[in-house]
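Residue-level structural notes
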Amino acid sequence: MQNWDIDRSDTAARQWVHEAIRKVEADANRSADTHLIRLELPSLKGVDLYLKDESTHPTGSLKHRLARSLFLYGLVNGQIGPGTTVIESSSGSTAVSEAYFARLLGLRFIAVIPRGTSQEKIELIERQGGTCHFVDEPGAVYAESARLAVETGGHYLDQFTHAERVTDWRGNNNIADSIFAQMAMERHPVPAWVVVSAGTGGTAATIGRYVRYRCKDTRVAVADPENSAFFPGWRDGDPAAVTSAPSRIEGIGRNRVEPSFVPGVVDRMIAVPDGASVAMKRALEPILGRSVGPSTGTNLVATLQIAREMEAAGQEGSLVTLLCDSGDRYRLTYDDDAWLGECGVRVAEHEESVRGLLGERPR
Ligand SMILES: *Cc1c(COP(=O)(O)O)cnc(C)c1O
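Report on the accompanying structure. (Residues numbered from 1 in each chain as written. Predicted model: local features only at pLDDT ≥ 70, side-chain atom pairs only at ≥ 80, totals over all residues. Heavy atoms only, no water.)

**With respect to the pattern of salt bridges**
Evaluated as defined, the whole model comprises 31 salt bridges. A salt bridge links Arg65 to Asp33, with the nearest nitrogen and oxygen atoms 3.9 Å apart. Taken together, the residues span a long stretch of sequence, with Arg65 in helix H2 (residues 63–76) and Asp33 in the loop between helix H1 (11–30) and strand E1 (36–39) at a distance of 32 residues. Looking at Asp33, the relative accessible area reads 38%, which means it is partly exposed. Of the charged contacts in the structure, one is a salt bridge between Arg147 and Glu144, with a shortest N-O distance of 2.9 Å. Remark: Glu144 and Arg147 occur in helix H5 (residues 141–152); sequence separation between them is three residues, near one turn of the helix. On the basis of relative accessibility, which here comes to 38%, the residue Arg147 falls in the partly exposed class. Through salt bridges with shared partners, a single network forms among Lys281, Glu285, Asp328, Arg331 and Asp335. (Salt bridge = Lys/Arg side-chain N within 4 Å of Asp/Glu carboxyl O. Helix = DSSP H or I, 4+ residues; strand = E, 2+ residues; numbered from the N terminus. Buried < 20%, exposed > 50% of the residue type's maximum accessible area, 1.4 Å probe, protein only.)

So this is what it looks like as structure tokens:
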């Protein structure tokens, strides 16, 4: 008689996982929620604007939430255990946050990133204890990550596939739950639109599913930079859409429609010129009194476009968008006109329209 009973339970490994989950949850328990900032624009009358400030997470961007969720998912799936090397394909910020959680759990972390990622981000990854592994072609990050996972016997977190499923969209203190709770005492507590941009598409998926599940009338708009496949893929219903030139707005815009981008939750997409994103980033900074990353500029261009449409149509309401990360990460890039010029990002020609969106008088 064959033995059809195989017991692979491992008490020590299970205890390690329990302890790992406790550490990740304890990190969340020590962390405060991020602020929802009211952005006052004197020229805007009936429409209230809010910025969800994701720069204040311990690792400085909205990717802190994603990294926490990816680690928890890997732990409960039995994919991350004692001694697992953790690997990610990342354009930067996700790796910074994941290196933080890997260190929290005493695990080795390797970020597979395109050459050309900002030096500031590379240093941030290394400061969190991570190692950077470079590829020449941005499109090569996926296969190289999978290869490294096999080589090391490690686990590829794969944000671009798993971001949409690792966050519980029903609530449980996700970003959507947090936004709606923080809006509760506002003049228009249910936003007309939430405007995000897409890197993995995970944030759009979480918010889009949440508003439907909670039966809110809120619509979800995605602002997309140049050279991104998300816009044509969504417009044409073509998940195979691709683009070739890399996105020039760090953190958002991809050359393929990432598996984690869920088109059905997106009500509207707005293509934003890269020069306008950077012009808006720069124009916003003195208003807010702090620096922001370029994707926040992208978000705000689209948000103000909707605000001005609502105003023109005599509609009142609230709009929420994200401050994704601080500008501190981009001092050597987006704050440098020579660098922007080399990349072909034309900021000056968008300054006028950005001033118009912000309601400032033309100079
Ligand atoms: C990842 C990222 C985004 C987009 O968020 P996703 O949930 O991945 O779509 C926007 N801005 C910055 C700076 C990011 O790092």
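Here the narrative resumes.
**What about the environment of Ala102?**
Looking at where Ala102 falls in the secondary structure, it is placed in helix H3 (residues 93–104). Separated by 35 residues in sequence, Ala102 and Ala67 have C-alpha atoms that sit 9.6 Å apart. Not counting residues within four places of it along the chain, the set of residues in contact with Ala102 comprises Phe71, Leu107 and Phe109. (Contact = heavy atoms within 4.5 Å.)

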